[in-house]
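# A structural walkthrough
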Amino acid sequence: MGIVTPTNKEVTAFRGLHLYHAALSNCSMRVRMVLEEKKLPWENHHLDITKKEHITPEYFGINPNGVVPTLVHDGVVIIESDDIIDHIDQSFPEPPLRPEHPEDLEKMYWWMHSAVEIHVKGVKTFIYYHKMQGKMRQTEEQKQAYEKLQTNQELIKFHQHSSEGFTEEEAIAAEKTLDRFFVEADSILENHQWLVGDRFTLADITWVPLHFTLAGAGYDFNRYPAVQAWADRIRERECFKKGVLEWCPKF
Ligand SMILES: N[C@@H](CCC(=O)N[C@@H](CS)C(=O)NCC(=O)O)C(=O)O
């Protein structure tokens, strides 16, 4: 989706980089990692999603889906983590976080878009079932407040469902979806340092927060030793320490 026109006009006066994000959100981790890798200064607008600080008319006026992250760059509002990190890398090209060859660039986008596509069905369902089941129950009041602001039907359904709880079958299907990608990643990483080409790219930055949060929810990475070694390598980088661990030491 990328650039959106906010109804909350306050943000259009912002200058520089302003990030609306949540400490334990894997989509926010991606953006923080890119900002740290490029050593860019940014204004912090932290929202505690466990306290529902993002479910306000003010925030829905910036991000129409009411999710984090949102980047405001010189008054321009950008949503969707893959579009945000792509925008930052194109606007601030040093150090480059994309491969040089066009076929590799296509592969990088494939990894980025796949992560966004499986976010609800794979990542969120697995994590909510294994880590948050029973903790997401909403009161009737909270439900109504959310549905008054939210127009995205997929998100309304997901919120209702996470309040009721996921079934074991859904969690198994989510795990199978995830397995397909980690099998593929493991076979690439057996012979390469990074997911695409020969440099650390937005593909690695998109997927490593998923490794971090899924491992914290009990996804078994012992099955994928090359993925595990790749995640351990990234853990040593400054951008992971600052963009992930400083905000969320343990998931
Ligand atoms: N496709 C979006 C997904 C954003 C998303 O679902 N964010 C989660 C945190 S990772 C969130 O805001 N959840 C709170 C909610 O759904 O109310 C992206 O990649 O930015």
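Note that this is a predicted model, so its numbers are computed, not measured. (Residues numbered from 1 in each chain as written. Predicted model: local features only at pLDDT ≥ 70, side-chain atom pairs only at ≥ 80, totals over all residues.)

## Points about the overall build of the protein
The helix and strand tally for the protein stands at 11 helices and five strands. Against the globule reference of 18 Å for 251 residues, the protein gives a C-alpha radius of gyration of 18 Å, in line with a compact fold. Once the C-alpha set of the protein is aligned to its principal axes, its extents read approximately 50 × 45 × 30 Å. Residues classed as buried in the protein amount to 35% of the 251 residues present. Restricting to contacts in the protein with at least 6 residues of sequence separation, those with at least 24 account for 78%. (Helix = DSSP H or I, 4+ residues; strand = E, 2+ residues; numbered from the N terminus. Rg over C-alpha atoms; globule rule 2.2 N^0.38 Å. Buried ≥ 20, exposed ≤ 12 C-beta atoms within 10 Å, placed from the backbone. Contact = placed C-beta atoms within 7 Å.)

## Concerning the pairing of strand 5 (residues 76–79)
Relative to strand 5, strand 1 (residues 2–4) is paired through three bridges, and the arrangement is antiparallel. Bridge pairing in strand 5 places I3 opposite I78. Pairing analysis gives four bridges linking strand 4 (residues 70–73) to strand 5, with the strands arranged antiparallel. By the bridge assignment for strand 5, L71 is matched with I78. Here strand 4 folds back onto strand 5 in antiparallel fashion, the turn holding two residues, of which D74 has a positive phi close to 50 degrees. (Pairing = 2+ DSSP bridges.)

## Focus: helix 10 (residues 225–235)
Of all the positions in helix 10, only V227, W230, A231 and I234 are classed as buried. The arc that holds every buried residue of helix 10, seen down its axis, measures 100 degrees, which confines them to one face. In helix 10, the exposed residues that point more than 90 degrees away from the buried face are P225 and D232. (Arc of directions from axis to C-beta.)

## Side note on the packing of helix 8 (residues 168–189) against helix 10
For the pair helix 8 and helix 10, interaxial distance at closest approach is 7 Å and the crossing angle is 75 degrees. Comparing their axes, helix 10 and helix 8 come out roughly perpendicular. Contacts between helix 8 and helix 10 involve F182, A185, D186 and L189 on the former and, on the latter, A226, V227 and W230. (Axes fitted to C-alpha atoms, helices over the stretch in contact; angles between N-to-C directions. Parallel < 35°, antiparallel > 145°, perpendicular 65-115°, else oblique.)

## Things to note about the domain arrangement of the protein
Partitioning the protein into structural domains gives domain 1 (2–91) and domain 2 (102–237). Domain 1 and domain 2 are separated by 19 Å when their C-alpha centres are compared. Taken together, the contact between domain 1 and domain 2 spans 17 residues of the former and 16 residues of the latter. Classifying every residue of the side of domain 1 that touches domain 2 gives seven nonpolar, four polar and six charged. (Domains from an automatic or database assignment. Nonpolar A, V, L, I, M, F, W, Y, C, P; charged D, E, K, R; others polar.)

## Structural notes on the site of the ligand
In the vicinity of the ligand, the contacting residues are S25, N26, C27, I49, V67, V68, P69, E80, S81, V116 and H119. Its residues assigned to classes, the shell around the ligand comprises six nonpolar, four polar and one charged. (Near = placed C-beta within 6 Å.)

## Topic: the environment of E80
Relative to the assigned elements, E80 resides in the loop between strand 5 and helix 3 (81–91). Note on E80: 21 C-beta atoms within 10 Å, which makes it buried. Separated by 43 residues in sequence, E80 and E37 have C-alpha atoms that sit 19 Å apart.

## Quick notes on the environment of L19
The topology assignment puts L19 in strand 2 (residues 17–21). A C-alpha to C-alpha distance of 8.7 Å links L19 and H73, two positions 54 residues apart in sequence. Here L19 is in contact with V31, W42, N44, H45, P69 and L71, once residues within four sequence places are set aside.

## Some thoughts on the nonpolar core
In terms of nonpolar packing, the biggest core is built from 57 residues, with V34, W111, A203 and W207 touching the most fellow members. With eight residues, the single largest contributor to this core is helix 9 (residues 202–216). In terms of domain composition, this core takes at least three residues from each of domain 1 (2–91) and domain 2 (102–237). Each residue touching W111, except ones within four places of it in the same chain, is listed here: L195, V196, A203, T206 and W207. (Core = buried A, V, L, I, M, F, W, Y, C linked by C-beta atoms within 7 Å.)

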